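The lines below spell out each chain.
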Amino acid sequence: MKSLWVFHVNTGACNGCDIEILDVLTPYYDVERLGVKLVPTPRHAHALLVTGPLTRQAYHAARMAYEAMPPKPRLVIAVGTCACSGGIFHDSYALRREHRESFEYPLRGGASEFLPVHLYIPGCPPRPEEILYGIALLKNIVEKKVRGSWFSESAFVLPRESFNAWVEVLLRARIRKELGYFDGYPLLRRFMELVESSESKEELEKLVQKAISEESDSRLRYGLEKLYSYYLEVVRTYESILAAKRALVRLPK
Ligand code: SF4
């Protein structure tokens, strides 16, 4: 999922968690760079952000918000210890609890009393970094966005001889603009392997079409199409320069 639109519902929180949610929206933490947007209606939301221990008063409003969400993906994120398990209010008379046959200890509370919670972010309140980390986990982008990764070009050697290597240099700048270096460079290497393994333009076209049809990620499919069209453009330019040189110095064909 590239973006995650969330609707926030307070089910009896002390406002501590709500302030932290506002914090991650500020330019300092800027959760929108992960594609997360706070929306004013549950009808547009992919995820319900629940704070608070789920009081009886808030139960019906939260349930209505949940039911108003589109059926897929309909995620629920419990933010704060109260939303996860009732927190400091766990034994309060004001909490809504599922009817149970026997007395349980500790008493339960929180969003999981009536919602299938997909992600728990505990903390009283959780720090903004913890909320960001939880969202990155949910979106499966921890590797890219949260863990530090440093790009280094030290291993790259500027090619001097091979035509394909020069083409790769030209395509690197273009694919970086399209997909960024994190996704773009591995995709370029994949594309160049196709180029190196094909004997003719027709064979390359077939290999590229096959790779595009087998690729499940639409961004990478788009990247392969772009790389192929850039590659053809570079080859055409090279051939026209060569033809002009031949005409000038009367090189043999
Ligand atoms: S987890 Fe702590 S900060 Fe959040 S609502 Fe509960 S008491 Fe307040």
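Being a predicted model, the structure only gives us computed values, none of them experimental. (Residues numbered from 1 in each chain as written. Predicted model: local features only at pLDDT ≥ 70, side-chain atom pairs only at ≥ 80, totals over all residues. Heavy atoms only, no water.)

A. Looking closely at the nonpolar core. Among the nonpolar cores identified, the biggest contains 23 residues, and Leu-171, Phe-191, Leu-204, Val-208, Leu-227 and Tyr-231 are the most heavily contacted of them. If you list the elements that add at least two residues to this core, you get helix H6 (163-197), helix H7 (201-214) and helix H8 (218-249). Here this core gets 11 residues from one element, more than from any other, and that element is H6. Beyond its immediate stretch of four places on either side in the chain, Leu-171 contacts Leu-188, Phe-191, Met-192, Leu-227, Tyr-230, Tyr-231 and Val-234. Listed in part, the 20 residues of the second largest apolar core include Val-39, Val-76, Ala-83 and Phe-114. (Core = buried A, V, L, I, M, F, W, Y, C linked by side-chain atoms within 4.5 Å. Buried < 20%, exposed > 50% of the residue type's maximum accessible area, 1.4 Å probe, protein only. Helix = DSSP H or I, 4+ residues; strand = E, 2+ residues; numbered from the N terminus. Contact = heavy atoms within 4.5 Å.)

B. Representation of the packing of helix H1 (residues 16-25) against helix H4 (residues 128-138). With their axes 9 Å apart at the nearest point, H1 and H4 run at an angle of 70 degrees to one another. If you check the angle between H1 and H4, you find them roughly perpendicular. Between H1, through Glu-20, Ile-21, Asp-23 and Val-24, and H4, the contact on the second element is made entirely by Pro-128, Ile-131 and Leu-132. The residue inventory of the contact of H1 with H4, partitioned by class, reads 5 nonpolar, no polar and 2 charged. (Axes fitted to C-alpha atoms, helices over the stretch in contact; angles between N-to-C directions. Parallel < 35°, antiparallel > 145°, perpendicular 65-115°, else oblique. Nonpolar A, V, L, I, M, F, W, Y, C, P; charged D, E, K, R; others polar.)

C. Region of interest: the pattern of salt bridges. Applying the stated criterion across every chain yields a total of 9 salt bridges. One salt bridge in this structure joins Arg-63 and Glu-67, with 2.9 Å as the shortest N-O distance. Here the residue Arg-63 and the residue Glu-67 both occupy positions in helix H2 (residues 56-68), the gap between them amounting to 4 residues, near one helical turn. Given the relative accessible area of 29%, Arg-63 is considered partly exposed. (Salt bridge = Lys/Arg side-chain N within 4 Å of Asp/Glu carboxyl O.)

D. Quick peek at the site of the ligand. Contacts to the ligand come from Ala-13, Cys-14, Gly-16, Cys-17, Thr-81, Cys-82, Ile-88, Gly-123, Cys-124 and Pro-125. Broken down by secondary-structure element, the contributors of at least two residues to the shell around the ligand are H1 and helix H3 (81-85). In terms of residue class, the shell around the ligand is built from 7 nonpolar, 3 polar and no charged. (Near = heavy atom within 4 Å.)

E. Looking closely at unusual backbone geometry. In this chain, Lys-72 is followed by Pro-73 through a cis amide linkage whose omega measures 0 degrees. Looking at the element boundaries, Pro-73 is found in the loop between H2 and strand S4 (75-79). At Asn-15, a residue that is not glycine, the phi angle is positive and equals roughly 90 degrees. Given the relative accessible area of 41%, Asn-15 is considered partly exposed. Phi is positive for Arg-74, close to 50 degrees, though the residue is something other than glycine. Inspection of the secondary structure assignment puts Arg-74 in the loop between H2 and S4. Residue classification places Arg-74 among the partly exposed residues on the basis of a relative accessible area of 22%.

F. View of the pairing of S4. Most of S4 sits out of view: 5 of its 5 residues are buried. Note that the unit made of strand S3 (residues 47-51), H2 and S4 has a crossover that is right-handed. With 3 bridges joining them, S4 and strand S5 (residues 119-121) adopt parallel strand pairing. When the bridges of S5 are listed, Ile-77 appears paired with Leu-119. (Right-handed = clockwise from strand over helix to strand, strands pointing away. Pairing = 2+ DSSP bridges.)

G. Spatial organisation of the sheet that holds S5. Strand order in the open sheet made by the 5 strands is S2-S1-S3-S4-S5, with parallel pairing throughout. Of all the strands in the sheet, the pair left with one neighbour each is strand S2 (36-38) and S5. Ignoring strand direction, the axes of neighbouring strands in this sheet form an average angle of 25 degrees. H4 contacts strand S1 (4-10), S2, S4 and S5 of the sheet and is inclined by roughly 165 degrees relative to S5.

H. Representation of the pairing of S1. Where S1 and S2 come together, 3 bridges link them in parallel fashion. If you follow Leu-4 over to S2, its bridge partner there is Val-36. After leaving S1, the chain enters H1 and then returns to the sheet as S2, a path that is right-handed. Here 5 bridges tie S1 to S3, and the two strands are oriented parallel to one another.

I. Inspection of H2 at higher detail. Between its first and last C-alpha, H2 extends 19 Å over 13 residues, near the 18 Å set by a 1.5 Å rise per residue. Taken together, the buried positions of H2 are Ala-58, Tyr-59, Ala-62, Ala-65, Tyr-66 and Ala-68. Elements in contact with the buried residues of H2: S1, S3 and S4. (Expected span 1.5 Å × (residues − 1).)

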